[in-house]
Amino acid sequence: TGRLVVNPSWIDYQPKPDEIVITLDPGSAFGTGTHETTALCAELIDELLLPDDHVLDLGTGSGILAIIAAKLGARSVEAADIDRLAVQVAADNCRLNHVAVDVHQGELNTVRSEPYDLIVANIIADVIAGLIGQIPEKLAADGLFIASGIIGGKKDLVLQAAAAAGLSLLIERERRDWYAFVFSVRTPGMNTEGTEYRRSKK
């Protein structure tokens, strides 16, 4: 984004005064910032995260999105992945970036600190469609769910599952036939592009 920079751990990078640098060694875990879905999620987190948010990064991979949330000032960040190796990579990257993230092996039904103001799942469409029914009970009253990893041919599968779960589509973004969606459990009050949407915190 305009202020987020993902930098490989082996490259010495001198940030500009307004840049937030995420230092990353992804190893074999997914998430370097170059894939369209990761970039879309990073952009949406940058736009939508509020400083007091309690965040869950589901399927954290390298930990990149959890680290971004922490560096943008989230009150707390939890990151879960079913892959033991990914959990270790994410934990290492969190230490590399000096951020406090609760990283653990698990899935949505084993998360530790619900409800969440922001849940991010950059996984694949079939997995998202299978778990999206549990999302409303994990979200705070004004919480948001960012879903990505969705190829164009699978977008309707996710949208139908979200509607069945009682979620409202707030934002839809596409890049090279990869999609990211933002959902809420309340009726949206925003323009159709989603660019003006912000939550009002009590």
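Just above, that's the structure.
Here goes a summary of the coordinates provided. Predicted model, so just to flag it, every value in this text is computed and none were measured.

**Quick word on the environment of Q105**
Okay, step 1: Checked against the element boundaries, Q105 lands in strand 5 (residues 102-105).
Okay, step 2: In this structure the C-alpha to C-alpha distance between Q105 and D83, which are 22 residues apart in sequence, comes to 6.8 Å.
Okay, step 3: In contact with Q105, other than residues within four places in its own chain, are D81, I82, D83, R84 and V87.
Okay, step 4: At 3.0 Å, the side chain of Q105 and the backbone oxygen of I82 are in polar contact.

**What to know about the sheet that holds strand 4 (residues 76-81)**
Okay, step 1: As summarised here, the arrangement of the 7 strands in space is 5-4-3-6-7-9-8, forming an open sheet in which the pairing is mixed. With partners counted over all chains shown, the strands left at the sheet margins are strand 5 and strand 8 (168-175), one partner each. Averaged over all neighbouring strand pairs, the angle between strand axes comes to 15°, with direction disregarded.
Okay, step 2: Lying over the sheet, helix 3 (residues 84-96) contacts strand 4 and strand 5, oriented at roughly 170° with respect to strand 5.
Okay, step 3: Those strands touched by helix 6 (residues 155-164) are strand 7 (139-151), strand 8 and strand 9 (178-184), and its axis lies near 5° from that of strand 9.

The rules behind the values
- Residues numbered from 1 in each chain as written.
- Predicted model: local features only at pLDDT ≥ 70, side-chain atom pairs only at ≥ 80, totals over all residues.
- Heavy atoms only, no water.
- Helix = DSSP H or I, 4+ residues; strand = E, 2+ residues; numbered from the N terminus.
- Contact = heavy atoms within 4.5 Å.
- Polar contact = N/O pair within 3.5 Å; in protein donor to acceptor, adjacent residues only side chain to side chain.
- Pairing = 2+ DSSP bridges.
- Axes fitted to C-alpha atoms, helices over the stretch in contact; angles between N-to-C directions.

Geometry only, nothing functional implied.
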